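Coordinate inspection notes
Each chain is listed here by its residues.
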Amino acid sequence: MVDVFEEVEEQLRTDRYKALALKALPWVGAVLAAALVIALAVWGYDAYQTKTTSKASEQYAQALEAFGAGRADEADRLFGEVAKSGSKAYKSLALQHQGGIKIAAGKPAEAVTYFDQAAEAAPNDIIGDVARLKSAFALLDTAPYKDLEARLTPMTKEGRPYRTEAREALAFAKIMHGDLAGARGDFVVISLIADASEGARNRAKAAMDLIDSGSAKNVAAAARAAAALPPQSVLLPPGASAGLSAPTQQPTPDAK
């Protein structure tokens, strides 16, 4: 008799489990379907990003080739196509190249627009601060010192990738606006920074010598020359640090 009751109880438990399972099944199915949709979306996004970056890399290489061959108009057009890309890194670099073309054409105001757009589009400070430096150098000869200070000072903070170059640009800005004492102080700091490049330290020492000798005009001329192109050390090399796939042709310093 006990066995019968146990069998009945077991059957009832089984029926309850089945009913519970049937009730849970739609929810489990929905969760699994959602997980599948998410997985497919992630895969699709990764595939899209890879395709977008690959296409931007090819167009970027074509633009560099045209620029290197002296076909500035064609290069500008091709860089403009890259600037429409979904790849933030290549978009920023292409905009910087377009700004460089405007600098070469004697149109610094238009160049600044491109450089500022490039800084905004950049995926990180490694690329973005290059654009910000170029923008500041393009304005070095015309903008009020306060504007240059506002642009450059944030880039001198610890952890920023080009803080030495930003401090150097700030020193040049002080020279352009007659603050030789302030500029010399910045150059002293640059000459003592442990991780500053040898070129930056040499330029700082040369600038201090010129200031001390009273050759302010020569220092100002150097600042104007620097306005045409940031120091070599701030030119971004292609590579993994920028999140780029290497183009088939290396960028030239003038193109950057």
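Residues numbered from 1 in each chain as written. Predicted model: local features only at pLDDT ≥ 70, side-chain atom pairs only at ≥ 80, totals over all residues. Heavy atoms only, no water.

**Observations regarding the overall build of the protein**
Stated formally: In DSSP terms, a helix is any run of H or I states spanning at least four residues, a strand is any run of E spanning at least two, and both are numbered starting from the N terminus. Only protein chains enter the calculation, and the probe is 1.4 Å; a residue is then buried if its accessible area is under 20% of its type maximum, exposed if over 50%, and partly exposed in between. A 1.4 Å probe and the Shrake-Rupley method give the accessible areas. Residues count as covered only by the protein chains that appear here.
The helix and strand inventory of the protein stands at 10 helices and 0 strands. When the helices and strands of the protein are listed from N to C terminus, the series reads α-α-α-α-α-α-α-α-α-α. Counting every position in the protein, which comprises 256 residues, the buried fraction comes to 38%. In the form shown here, the protein has an accessible surface area of approximately 14200 Å², with 59% of it arising from carbon and sulfur atoms.

**A look at the nonpolar core**
Formally: The nonpolar core is taken to be a set of buried Ala, Val, Leu, Ile, Met, Phe, Trp, Tyr and Cys residues, with the residues joined through side-chain atoms within 4.5 Å.
Within the largest apolar cluster, 31 residues are counted, with the highest numbers of intra-cluster contacts made by Leu133, Leu140, Leu152 and Phe187. Those elements that place two or more of their residues in this core are helix H4 (108-121), helix H5 (125-139), helix H6 (145-152), helix H7 (163-176), helix H8 (180-192) and helix H9 (198-212). Sort the elements by how many residues they give to this core and H7 lands first, with 8 residues. Counting residues in hydrophobic clusters, the runner-up holds 22 residues, among them Ala56, Leu64, Ala94 and Ala119.

**Brief notes about the pattern of salt bridges**
Opposite charge on two side chains allows them to pair when their charged atoms are near. Where we set the bar: Every case where a carboxyl oxygen of Asp or Glu lies within 4 Å of a side-chain nitrogen of Lys or Arg is listed as a salt bridge.
Tallied over the entire structure, the rule returns 14 salt bridges. Residue Glu110 pairs with Lys102 through a salt bridge whose shortest N-O separation is 3.4 Å. Residue class for Lys102 comes out buried when judged on its relative accessible area of 15%. Arg163 serves as the salt-bridge partner of Glu158, at 3.7 Å between the closest nitrogen and oxygen. Through salt bridges with shared partners, a single ionic network connects Asp125, Asp129, Arg132 and Arg160.

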